[in-house]
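# Coordinate analysis (summary)
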Amino acid sequence: MAFLTHDPSTFGLSASLSEDIRLLDDALWTVLMSVCDSTTTNAIVRIAKGELIPDVLGKNPRPELVENIARAFTLYFQLVNAAEQREIVRVNRSRNRGGARRESVADAIGTLKASGMTARRVKDLINEIEITPTLTAHPTEARRRAVLDKLLFITKQLDSRAGIQTLTEPLDSGDGWRRRIESTLVEIWETDEIRHSKLTVSDEVRNALYFVDRTISDVVPWLHADLKRALEENYPGESFELPAFLSYRSWVGGDRDGNPLVTAELTWETLLAHRRLALQILLTKTETVRRSLTMSIHRVQVSEQVKELADAALGVMPEAMRVRYASEPYVCVLLQVERRLKEALAGTENPWICEALIDVLDVLRRCLTSHGIRSEVLESLRCVAITFGFHLMPVDIRQHSDVHARCIDELLTAAGVQADSGSYLDADEAAKICALVRELRNPRPLVSEDWKGSAETNQALDVLKTVRRAQATFGAKAIQTYVVSMSHGVSDLLEVMLLAKEVGFSVDTPSIDFVPLFETITDLQSCGDVLHSILSEPTFRRHVDARGGLQEVMLGYSDSSKDGGFLAANWELQSALSRIAEVGKRHSVKIRVFHGRGGTVGRGGGRANRAIMSQPKGSFGGKIRFTEQGEVISFRYGIPPIAHRHLEQIVNAVLVASAEAGNKGPDPQERFAAPMTKLAEVSRRKYRSLVYERPDFWEFYSRSTPIEPISLLPIASRPVFRPTDGLRSIESLRAIPWNFAWVQSRYVVVGWYGIGSAVEALDDIAICQKMYAEWPFFTTVIDNAQLELTRAHLRTAEHYAKLSGSLGLEIHKDISEEHARSVRAVLAITQSDQLMAHAEVVRKTVEFRNPTVWPLSMLQVYLADVYRANAEAEDLNGWRIPILQTIAGLAAAMQSTG
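Residues numbered from 1 in each chain as written. Predicted model: local features only at pLDDT ≥ 70, side-chain atom pairs only at ≥ 80, totals over all residues. Heavy atoms only, no water.

## Digging into the pattern of salt bridges
Should their charged atoms come close, side chains of opposite charge can pair. Under the convention used in this document: Here a salt bridge means any side-chain nitrogen of Lys or Arg lying within 4 Å of a carboxyl oxygen belonging to Asp or Glu. A run of H or I in DSSP becomes a helix once it reaches four residues, and a run of E becomes a strand once it reaches two; helices and strands are each numbered from the N terminus. Three labels apply to residues, based on accessible area from a 1.4 Å probe with only protein chains included: buried if under 20% of the type maximum, exposed if over 50%, partly exposed otherwise in between.
Taken as a whole and judged by the stated rule, the model has 61 salt bridges. Measuring nitrogen to oxygen at the nearest pair gives 2.8 Å for the salt bridge that ties D159 to R86. Placement of D159 in helix α7 (residues 145-161) and of R86 in helix α4 (residues 63-94) is noted, with a sequence separation of 73 residues between them. Accessibility expressed as a relative area gives 14% for R86, which makes it buried. Among the ionic pairs, K465 bridges to D462, the shortest N-O distance being 4.0 Å. Taken together, the residues K465 and D462, both in helix α18 (residues 455-474) and three residues apart, mark about one turn of the helix. Given a relative accessible area of 41%, K465 falls into the partly exposed group. Overall, the relative accessible area of 25% leaves D462 in the partly exposed class. Within the structure, one salt-bridge network assembled from shared partners comprises E128, E130, R249, D396, E552, R592, K623 and R625.

So this is what it looks like as C-alpha cells:
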C-alpha cells in the first residue's frame, strides 16, 4: 500500500525521479501506518482516492483527525519536492559531460571569447559587474527550519541508496538508508508543522543567517573558482585577479516599512549577529587552510614576508606550540590569524580589520604561487574574506515615505520652522523642497540632542543613529543603503537626508545611499520624471557625486502587479528601466537598478537570468540587485548544488548582457512599444474592472480564498495588512498575502488575468507572434504566463467560488472565460498545441501533482465552512491548526506561496 493512486512514470516523469517518488511514498505510508490509528489511515486512503470529504469525515469529525490527514498530504508533497530537487541536481551534473554546461560561467566566458572579446576587455567587464542578491524576510516560507533540515537529510539518504556514499558514512547492510528515512519521517511527524507562536524579527535574522552559513558562504567561492578556471582556459597565459563580483545584502532586521517590531535595537542586534557569523565562517575556513598548508621549511623555501609573519606568530606562542610548529611557517601564520579572529569573536578590544587578514592571505598566496602551488582552500578563504569581510553582508534600512514626512513636520514645528505656505504636511512639493534644502544647508540642528518627540520620530532618529554607530564600529560596509518606500517626488529623498543630518551625518560627504522605491503603476510611469527632478536638485546631486556618481533605484514588482495586473505591471516595469537608463545618461550618472522581485510570477518571479537578458537595450550596465524572498530562499539555497546552478545562471546572464549592452542595432522594444502599450492598457482595464471596480469583489475574495486564515499564519513578524487598516479591503492587504490566497485557491489570477482580453482587443495575432519570436522581454512574459495558466485549475477553483454563493459563481464564470481566452491567446502566440510545449518537464510535473492536490484542496474548502461557522460562534475548538495545515500543504504542493 502507498499514498499514491497513480504512477509517476505514466505522467512522463523520468525513470530516476519516478523511482525516488515511489520509494519515498512507500516509506511515508509505512510510517503513517505505524504512527496513525486505522481511522486516520482509512480516511487518508479514501480521500486520496477522491471520495467526498463529508462522506469520509462524517458529521462531527475531530479536529485532530482532520489535522493528521492534512499533515499526511503535506508531508507527501514535501517529499516529492525533495525528490525533484535531487533530480534537478542529477540532471545538471549530467550536463557537465561534453563541454561547458549551458548557461554556466564557463559557457559565458566561452561565448565572450568566441565573439572576439580580448582578455583586457573581459577584465574590464568583470571589474564593472556587481551582482547583489538581497535576502528579505517577507512572509512566504511556510516550513520550519527544523523540517527543512530533516527533508535535506532524507534527500541525502537517496544518494546513499544510489551508492553515493561518503567516507564518513557507515558500511550499511544495504537498506540502512531506508531505516534512516523512516526514522526521520517519524521525527517530522512528531514535530509541530505549524508554529504556536509568531516569528520574531530575531527568528527571521537567524533564519537568513542559516542559509548564509549552510550554503551561500560555500557557493560564492565556487562561483569565483568557476570564473577563474574559465578565464584561464579561454585566455591562457593571462593573469586575472577577481573582485568580489558576487556579494549579498539583507533586509532582515532593517526593513521597518509596515513592521513596527523592527526597532533600532533589533537592527543593532542584527549587525552583531552578522559580525559573529562572519568571524565564525572565517575562523572555520582558516582552520581548514591551516590543516592543509603543513609544508615544512625542511622541504620547501618560503619568502621573507612569510618568514617574518611566522616569526612574529612564534613570538607570541606558548613554548610547547613553538616547539611543535617551528618548522611549519604557514601553520604558524594561520594559527596567528585564528588567534586574532577568536579575539574579535570574543568581543575583546581588537583593532584588526579584514583588509589586514586579506594582506596576510595574499602573502601566503604569492609564496605558494612562486612554487607553482594553488591552494583551493586558501582561495576559498580569500574569496570569503573579500566578499563577506567581518560584517558578512550589509543590512539595508527601509521605511515608508509617509513616516519621514510626519517626522520632518514634527521636527520643523518643534524648531519653529515652517514651509513657505505654512504646515509642512500641507505644503506643495515645491514648498517642501524649498524648506528641506534650506535646512540641509543650515549647519545648526533643528532640535537639541536631548529633545524627545513622538515615538515615531524618536524611532526614526534612533535608526539613523544606529546607522552611524554601525559604520563607526563595523565600517562603512555594515549599512550602505536607506530605501524610501512609495517615493513620489524629490522631497521623499530630501526628508530622509534631513533626518540623517539631524543625527550627525554630513550632507556634503555622505556615507549612505538614499534610494527611491517606485512601486505603483502610476509611480512607474512617472519614475523617469521624478528621477530627473531628483538628480537635478543641486543638494541631492552633490550627494550622488560624493558617493561616486552612482544612484541606485529600486522597482517594486509586488505592488505594481497588485495595482495593475500581470501584463500591465510587466510592461510598466520594462518601460521604467528604459526611462531610468535615459535619465542616467542625461545626467552622466551610473544607475544600479534594484529589482524587488517576489517568488511567484505575479510578483516578478521566474528565472532571474531570463529577466536579466530581457532588459531594454542599453539599460543594463552590469550592476544589479534583486531580492530573494520567502520560500524562494529555501528552494534556491537549501541545497548547495541548486544554489550553485541558480547563481551561475545569473552570472552567465550578467556577463553576456553586459558585453552586449554596447552593441548597436535595432531595439525590439522600440519596434513593438505601440502594440505592447495597447496590450498592457486593455489588460489593466480588464484586471481593474474585476478587482477594483466591482463593489462586491472583496466579499468574493475574502470568502472564496483562504485569506483570513492566511492572515493568522505565524510565519513572519510583519502583518499581512497595512497598520491600522485591518483585513477589510484590497487596498489594506499587502501584495504577498494577496498572491498567496490566489495560489491556494488555484485561480493564480495574478500571473495571467487580462492577457486574453488584451490579445483579442489588439486583433493582430501576427504581431504578437513576431514579438514572441524576436523580443526576449515578450517571450519571457508569455512563457511566465503560460506556466501560471497551467498551474491554474479552474475545476478546483470553482469549489472555492461556491463558498460565496451566487456571487462566487458569477465571478468564477468571468475568471473562467478569461482563462479560456488567455489560453487561446497564448497558444496562438506561441503557435503550439498545448501550454508549456517549450518546457515539457515542468508541465508534466504540474500534471502529476494535480490529482493529489485536488483532495487536499477539497479538504481546505470543507474546513473553510467549518472554520467560518466556528469563528462566528467564537468557538474554534481547535479548528485553527487544521486549516493552517492545509495552507502549509498546498504551499508545498504548489511550490509557491506569495
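## Let's talk about helix α23 (residues 566-586)
Rule in force here: Every helix has an expected span of 1.5 Å times one less than the residues it contains.
Here α23 spans 30 Å end to end across 21 residues, near enough to the 30 Å set by a 1.5 Å rise per residue. A large share of α23 lies buried, amounting to 17 of its 21 residues.

## A look at the side chain of N850
Applied cut-off: Pairs of residues are marked as contacts when any of their non-hydrogen atoms sit within 4.5 Å.
Topologically, N850 is positioned in helix α36 (residues 840-872). Apart from residues lying up to four places away in sequence, N850 is in contact with R746 and H793.

## Considerations on the packing of helix α34 (residues 794-801) against helix α35 (residues 805-830)
Condition: Axes here mean lines fitted to C-alpha atoms, for a helix over just the part in contact, with angles spanning 0 to 180 degrees between N-to-C directions. Should an angle fall under 35 degrees it is called roughly parallel, over 145 degrees roughly antiparallel, and 65 to 115 degrees roughly perpendicular, with every other angle called oblique. Rotating anticlockwise by less than a right angle from the far helix to the near helix defines a left-handed crossing, while the corresponding clockwise rotation defines a right-handed one. In this classification, the charged set is Asp, Glu, Lys and Arg, the nonpolar set is Ala, Val, Leu, Ile, Met, Phe, Trp, Tyr, Cys and Pro, and all remaining amino acids, among them Gly, are polar.
Interaxial distance between α34 and α35 falls to 8 Å at its minimum, and their mutual angle equals 155°. Classed by the angle they form, the pair α34 and α35 counts as roughly antiparallel. In the packing of α34 onto α35, the handedness of the crossing is right-handed. Counting all contacts with α34, which are made through L794, A797, E798 and A801, the residues of α35 involved are G805, G808, L809, H812, I815, S816 and H819. Grouping the constituent residues of the contact of α34 with α35 by class yields five nonpolar, five polar and one charged.

## A closer look at the environment of E693
With respect to the element layout, E693 can be found in the loop between α27 (668-691) and α28 (697-704). For the pair formed by E693 and D159, sequence separation is 534 residues and the distance between their alpha carbons is 54 Å.

## Some remarks on the sheet that holds strand β7 (residues 590-596)
Hydrogen bonding along the main chain pairs the strands of a sheet, whether they run parallel or antiparallel. Put simply, the rule is: Any two strands are treated as partners once DSSP identifies two or more bridges connecting them.
Taken in spatial order, the eight strands line up as β2-β1-β8-β7-β6-β5-β4-β3 in an open sheet, and their pairing is parallel. The open sheet has two edge strands with one neighbour each: β2 (249-250) and β3 (397-400). In this sheet, strand β4 (residues 481-485) lies alongside β3 in parallel orientation, the contact comprising four bridges. When the bridges of β4 are listed, H400 appears paired with S485. Along the sheet face, helix α22 (residues 557-564) touches β6 (550-556) and β7 and points at about 40° away from the line of β6. Lying over the sheet, helix α26 (residues 640-660) contacts β1 (130-135) and β8 (623-628), oriented at roughly 140° with respect to β1.

## Side note on the packing of aromatic side chains
What counts here: Each Phe, Tyr or Trp ring (for Trp, its six-membered ring) is paired with any other whose centre lies within 6.5 Å, and the angle between the two planes then decides the class: stacked below 30 degrees, edge-to-face above 60, tilted in between. For a lysine, the NZ atom is tested; for an arginine, the CZ atom; a charge sits over a ring if that atom is within 6 Å of the ring centre and within 35 degrees of the ring normal.
Counted according to the given criterion, the structure contains 26 aromatic pairs. Measuring from ring centre to ring centre gives 6.4 Å for Y687 and Y692, while their planes differ by 65°; the resulting arrangement is edge-to-face. A relative accessible area of 1% means that Y687 is categorised as buried. On the basis of relative accessibility, which here comes to 23%, the residue Y692 falls in the partly exposed class. Ring geometry for W775 versus F777: centroids 5.0 Å apart, planes at 50°, classification tilted. On the basis of relative accessibility, which here comes to 5%, the residue F777 falls in the buried class. Here the aromatic cluster, defined as three or more aromatic residues joined through ring pairs, consists of F697, W698, F700, Y701, W738, W742 and Y747. A cation sits over an aromatic face here: K432 above Y424, 5.4 Å from the ring centre. Over the ring of F594 we find R625; its NZ or CZ atom is 3.9 Å from the centre of that ring.

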